[in-house]
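Survey of secondary and tertiary structure
Next come the chains, spelled out residue by residue.
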There are 4 protein chains.
Amino acid sequence: MYSKLRIGVIGTGKIGRLHLESVINHISQGVVVQVADPFIDQKMIDWLEERGVSNVTKEPEELIRNSGVDAVMICSPTDKHAEQIVMSAQEGKHIFCEKPVDFDLQRIVETLKIVKDSGVKFQIGFNRRFDHNFRRIRDVVESGKIGEPHIVKISSRDPAPPPMGYVRSSGGLFMDMMIHDFDMIRFLVGENPVSIFAKGGVLIEPEIGKVGDVDTAVVTMDFPNGSLGIIDNSRQAVYGYDQRAEVFGSKGCCQTENDTDTRVSVTTAEGVSTDVPPNFFLERYFWAYVDEMRGFVQAVLDDREPSPGLEDAIIPVIMAKAAMESFKSGAPVRLEDILAKKQYAFLFDN
Amino acid sequence: MYSKLRIGVIGTGKIGRLHLESVINHISQGVVVQVADPFIDQKMIDWLEERGVSNVTKEPEELIRNSGVDAVMICSPTDKHAEQIVMSAQEGKHIFCEKPVDFDLQRIVETLKIVKDSGVKFQIGFNRRFDHNFRRIRDVVESGKIGEPHIVKISSRDPAPPPMGYVRSSGGLFMDMMIHDFDMIRFLVGENPVSIFAKGGVLIEPEIGKVGDVDTAVVTMDFPNGSLGIIDNSRQAVYGYDQRAEVFGSKGCCQTENDTDTRVSVTTAEGVSTDVPPNFFLERYFWAYVDEMRGFVQAVLDDREPSPGLEDAIIPVIMAKAAMESFKSGAPVRLEDILAKKQYAFLFDN
Amino acid sequence: MYSKLRIGVIGTGKIGRLHLESVINHISQGVVVQVADPFIDQKMIDWLEERGVSNVTKEPEELIRNSGVDAVMICSPTDKHAEQIVMSAQEGKHIFCEKPVDFDLQRIVETLKIVKDSGVKFQIGFNRRFDHNFRRIRDVVESGKIGEPHIVKISSRDPAPPPMGYVRSSGGLFMDMMIHDFDMIRFLVGENPVSIFAKGGVLIEPEIGKVGDVDTAVVTMDFPNGSLGIIDNSRQAVYGYDQRAEVFGSKGCCQTENDTDTRVSVTTAEGVSTDVPPNFFLERYFWAYVDEMRGFVQAVLDDREPSPGLEDAIIPVIMAKAAMESFKSGAPVRLEDILAKKQYAFLFDN
Amino acid sequence: MYSKLRIGVIGTGKIGRLHLESVINHISQGVVVQVADPFIDQKMIDWLEERGVSNVTKEPEELIRNSGVDAVMICSPTDKHAEQIVMSAQEGKHIFCEKPVDFDLQRIVETLKIVKDSGVKFQIGFNRRFDHNFRRIRDVVESGKIGEPHIVKISSRDPAPPPMGYVRSSGGLFMDMMIHDFDMIRFLVGENPVSIFAKGGVLIEPEIGKVGDVDTAVVTMDFPNGSLGIIDNSRQAVYGYDQRAEVFGSKGCCQTENDTDTRVSVTTAEGVSTDVPPNFFLERYFWAYVDEMRGFVQAVLDDREPSPGLEDAIIPVIMAKAAMESFKSGAPVRLEDILAKKQYAFLFDN
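Summary of the structure given here. (Residues numbered from 1 in each chain as written. Chains lettered and ligands numbered in written order. Predicted model: local features only at pLDDT ≥ 70, side-chain atom pairs only at ≥ 80, totals over all residues. Heavy atoms only, no water.)

**Things to note about the pairing of strand β14 (residues 271-274) of chain D**
Summarising the sheet, strand β14 (residues 271-274) of chain B and β14 of chain D pair through three bridges and their orientation is antiparallel. Bridge pairing in β14 of chain D links S273 of chain B to S273 of chain D. Direction of pairing for strand β13 (residues 264-268) of chain D relative to β14 of chain D: antiparallel, over a ladder of three bridges. From the neighbouring strand, V266 of chain D faces β14 of chain D, where its bridge partner is S273 of chain D. What sits between the antiparallel neighbours β13 of chain D and β14 of chain D is a turn of two residues. (Pairing = 2+ DSSP bridges. Helix = DSSP H or I, 4+ residues; strand = E, 2+ residues; numbered from the N terminus.)

Here's what the structure looks like:
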């Protein structure tokens, strides 16, 4: 019997390559047995060769049907996710998929239903759950050390706006950026929100406003136990990638500052100066990506459900859509009503 | 000519006594010439005597009419504020008044209109504007160092809920507690909000819920320039009096941590331990109270309008009422519409 | 019976005035009944008058002999300290004296011997023992939380060199500046050192070197239990008054950072900036001076020995002289041998 | 032509394996072509095989003579270092060698002389120079931002004493532990010290004292420009691996705190709690080891002298011996006199 998880990776873009590096360099329980990418170039083929990965194909379908592959990592463009998930589930392959499953809610539901029925393991790529700081907060909350959560706050700000081309196709700030924070707040609180209220503005880049999107946003929500949540996002923190969270509870408060490159301070007559946060997600979440993949591999090997899983693949999308609706209507939107619909029942019947 | 401001103090409760100490010990440009309190006790009389203040009366009216008094500090119960303000204005005395002017909005408007017409100086007791940390944030915002404000966040949490008797008569969390933060957010941003949305919960003390109030609340708002504001309040931070703020802007971010008694850390195998914030407002804002009074005295001596002034005496009250309304209706409330009303015009016609 | 300690203050220079303010404003258990200063000016007389102190004399001897005075605070120039201490002791007055008692070691011994024999209370002005940060470290050490001290480190750096006139008459860096740290290290460890080794340099102001003094110095020492101490001093920290300490022990480590005016940070693309320490001792140690005086007043009223007391008035002077000797010889100097001398026996026979 | 540096690694113990991982996972410009270890086991052989390294030998000499090897990484036991260095130099191989070159000073001199004459590149394994925090301090010093160094302080404390077997053969605290700090202080200041004074104690483990060693030590030194240095070491910081440094200069101060696993704080009624430092050198200096190796590989490829080099391989050893001598004699020891000897001249004649 093969003692390591045999992994096939679809897609060798920035994120695909990152996961390849994680498995090859840092995850001894997994091995990359095949890579598929319709647009793979020679440089990438050489890079893989050097690392002992010689089985490369331009046909994702071939990889999914490869009987020597135990699990598929789907790092292809979003519009391919759903079909590759479905095919992988049908072939009995465990699935790691980058978020989101799809932009269309109905299609996500149908896709995940198939995964659920197939019984394969499924993990969605919300990497921040594996970040050392946020995971610690979650651990502290779960330990009961700070009691019941009362107020949860997340600040999440990018260093610079994305290109307008991306903005036009990404689904907007709530869908492409705050979706990470929607997942994070559920992770920290351990509950889904009841209702959402969103305020947004165009304070940085007027072009963003012209396509109906915002570049600055504040969203509040409440949870079933009555606790309250706040997320603020900005497309441009000139000082770097600002990623902080705080859970205030009945017995205390747990919060994280930003990581920094060094712990050095320089004191001169002008003041005390320390480091800004690292510039962007690859620096900030490097080890989170590694641990995300390690978590997936280990869960499959242990025959446990990976986390974040099916529910986590869809609820942040629903939250993003609700936020967009609230922003447009100026009124709060109830999630409870949406989630009570019959089509979502399969997510919760464990 | 008398070179110091001759001050009469009405009320010798906790806050009255605090202001008396400030003037006597720390403010060389002012002198307490008379104290009035219908319920003054011998201990207080002795305490004043020792500090050279022998002119004590049980009649506030006598003090207000005393021609040797230049300025009146009104530290009486709230239900006396309006009439004492009016009488002081009519007597041409400058006025420092503890907040709020009154619980009734119409009465506040009428009272402040009289003050405005009289031409006397007027300062309202929002002491936190004089806090070293918050004032520094304001200075940084004004300096332009962090550019235009985009997101403003205030956390303000009391160490323990007040007695139920207080809760019943105080006007509720939005009126007695968050009102400070409503003033602070205006101070930090330099604008009045356009609309307000409030969420609240009863997570600490069920009795508070029974009288229609909340013990935990999150309020979001937007400002004319499109920037967004967030205030969170809790009646019980078990670790002390939590008072923090952050202004995120187009060129950077300015924030304050809590004050602490010491800067000492203790590192053992269990972790690194540092101080919690000071327990409550007298410890946290001691020097802010002194500087508040110094600011009033100096403004009067310099013949400048003191700040916070008339506008600041009423807008936070309007915000508190709007927040309560939003909390009850579940929908945002527009302040702009309220402030556009004719009756408020006098506040803005400088 | 008079329930407050009746205090006479000799000297109305910077430090005398500071103590006067402390007693008048902050110490309800004490009252200033007389002030003496041969060179007092009208402005000071008016200042005292305003605060209810009308008994002013130019004759310190008159004050010392005043039967209405319980305790004398000696804030006169150093060359008057010894004779005023002796006279006060002879008159049965309790004594607070600014450091040092004298520059001449033999004279200090003789003076303190007289105080000891007289039975009056005596406190020497090492104000830093009352600082919130250093006192907390001492409390932590005493609590046993960090176990036995192994390594003790003090950094103490002035914002700018004193005038050369002061340098010439002060006894030099070890005597006028590090003497505070010599006392502090004894306070933190709770022991007197066994031997001392000093290195110094002239890195800031060549003129200081020309009079045989140093402007930068590092002194190491060991204590009877084998623990090791380090003090570093500089005459010029361009960023302010740098005052830090650390005690590393068998069970942990306790350290203090500098106080700062605010807890505000400003984050821009250039970095995160926070406050430098306050500029000098009056800002940094304001409350320490108040608490020092309160400690003296309370100890006398409680009929307890004040601390720092007789032993503390002389051992730091011996350490300073030993450090100077070590610096000059290039070899360590043993304090143990000095302290074993018969003349010091009275300090230790409690 | 081969575009990558072809590396042979001698020794597969803890540190050898660490360097192997660095080159394989993180350093694209280098490739491991052979590994030698007389005592290599099957598990290690498999581990290497999986990573594409199949050329394994039990004969270091074979590796050194392998014409397909450009550079040798010597990670064997210390008593083999000198002969393997000499042989590598004779074979024209570039050399990375773990510290120390040898315990015998004369042998180090002779070995390094041969390296110097051979013209091969040589780097000694003082990995801390590549640590993000310490390197930043050095960069700040070099930038001139804090002016001329006046006082340099290093705290370096292990989490627990080593086994007594190690203590007996390691050369003692000054040689096996403080040697890193001797190198670091030279790195930070950019100079060699003039004289050294050492104090030590046995405060943790009496057995250590029985073999003539210390477990706690403080060393002071001065530099040619008059600046002063302080190093403190402890064999046991119960809270983890304490690694801090501070350079105080004419224009400011630069210091580093410890790294921590997270930036999370937990605030409860008991206090604010944050992380202790990581437990030991593999966690603390992981990336420093990677960067050390990357620095060596890049320097060889660029035909530059690697750093730390020959001089750095010997002067910390001389400092350690001087510290031991000072500790035993109780007097300072001059390094200047030692370094002026003719036999060291080759180190400085560039």
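Next, the rest of the story.
**Notes on the interface of chain B and chain A**
Contact residues are listed per partner, giving 40 residues for chain B and 40 residues for chain A. Here chain B meets chain A over a buried area of about 2,900 Å², counting both sides, of which 66% is carbon and sulfur. Our count for the contact surface shared by chain B and chain A stands at eight salt bridges. In this structure, R157 of chain A engages E246 of chain B in a salt bridge whose closest nitrogen and oxygen atoms are separated by 2.8 Å. For the pair chain B and chain A, the number of links is 10 residue pairs in polar contact (both at pLDDT 80 or more). Secondary-structure elements contributing two or more residues to the side of chain B that touches chain A are β7 (149-157), β8 (195-201), β9 (216-222), β10 (228-234), β11 (242-249) and β12 (252-256) of chain B. At six residues, β7 of chain B tops the list of elements feeding residues into the side of chain B that touches chain A. A class-by-class count of the residues in the side of chain B that touches chain A yields 16 nonpolar, 16 polar and eight charged. (Contact = heavy atoms within 4.5 Å. Buried area = accessible area lost by both parts, 1.4 Å probe. Salt bridge = Lys/Arg side-chain N within 4 Å of Asp/Glu carboxyl O. Polar contact = N/O pair within 3.5 Å; in protein donor to acceptor, adjacent residues only side chain to side chain. Nonpolar A, V, L, I, M, F, W, Y, C, P; charged D, E, K, R; others polar.)

**Some thoughts on the nonpolar core**
Residues and elements named next belong to chain C. Grouped together as the largest cluster of nonpolar side chains are 100 residues, with contacts concentrated most on F122, F174, F182 and I314. Here this core gets 11 residues from one element, more than from any other, and that element is helix α13 (residues 310-329). In this structure F182 touches F174, I196, V219, M221, I231, P316, M319, A320 and A323, once residues within four positions along its chain are discounted. (Core = buried A, V, L, I, M, F, W, Y, C linked by side-chain atoms within 4.5 Å. Buried < 20%, exposed > 50% of the residue type's maximum accessible area, 1.4 Å probe, protein only.)

**Details of the layout of surface pockets**
The space that makes up the second largest pocket amounts to roughly 1,800 Å³. Lining the second largest pocket are 45 residues, with F286 and W287 of chain A together with E283, F286 and W287 of chain D sitting closest to its centre. Secondary structure elements with two or more residues in the lining of the second largest pocket: α1 (14-26), α6 (132-143), α11 (281-284) and α12 (286-301) of chain A together with α1 (14-26), α11 (281-284) and α12 (286-301) of chain D. Counting residues per element, the lining of the second largest pocket draws most heavily on α1 of chain D, at seven residues. Residues that form the lining of the second largest pocket fall into these classes: 13 nonpolar, 10 polar and 22 charged. (1 Å grid on protein atoms, 1.4 Å probe; cavity = no way out; pocket = protein on both sides within 12 Å on 5 of 7 lines; lining within 4 Å. Points joined across faces, edges and corners; volume = space filled by probe spheres on them.)

**Thoughts on the side chain of S265 of chain A**
Mapped onto the elements of the fold, S265 of chain A is located in strand β13 (residues 264-268). Residue classification places S265 of chain A among the buried positions, given a relative accessible area of 12%. Once residues within four sequence positions are removed from consideration, S265 of chain A is found in contact with V272, S273 and T274 of chain A together with C253, C254 and Q255 of chain D.

**Considering the interface of chain A and chain C**
Listed as interface residues are 11 residues of chain A and, on the opposing side, 11 residues of chain C. Taken together, chain A and chain C are joined by two residue pairs in polar contact (both at pLDDT 80 or more). For the side of chain A that touches chain C, the element with the most residues is strand β14 (residues 271-274) of chain A, which contributes four residues. Here the residues of the side of chain A that touches chain C sort into five nonpolar, five polar and one charged.

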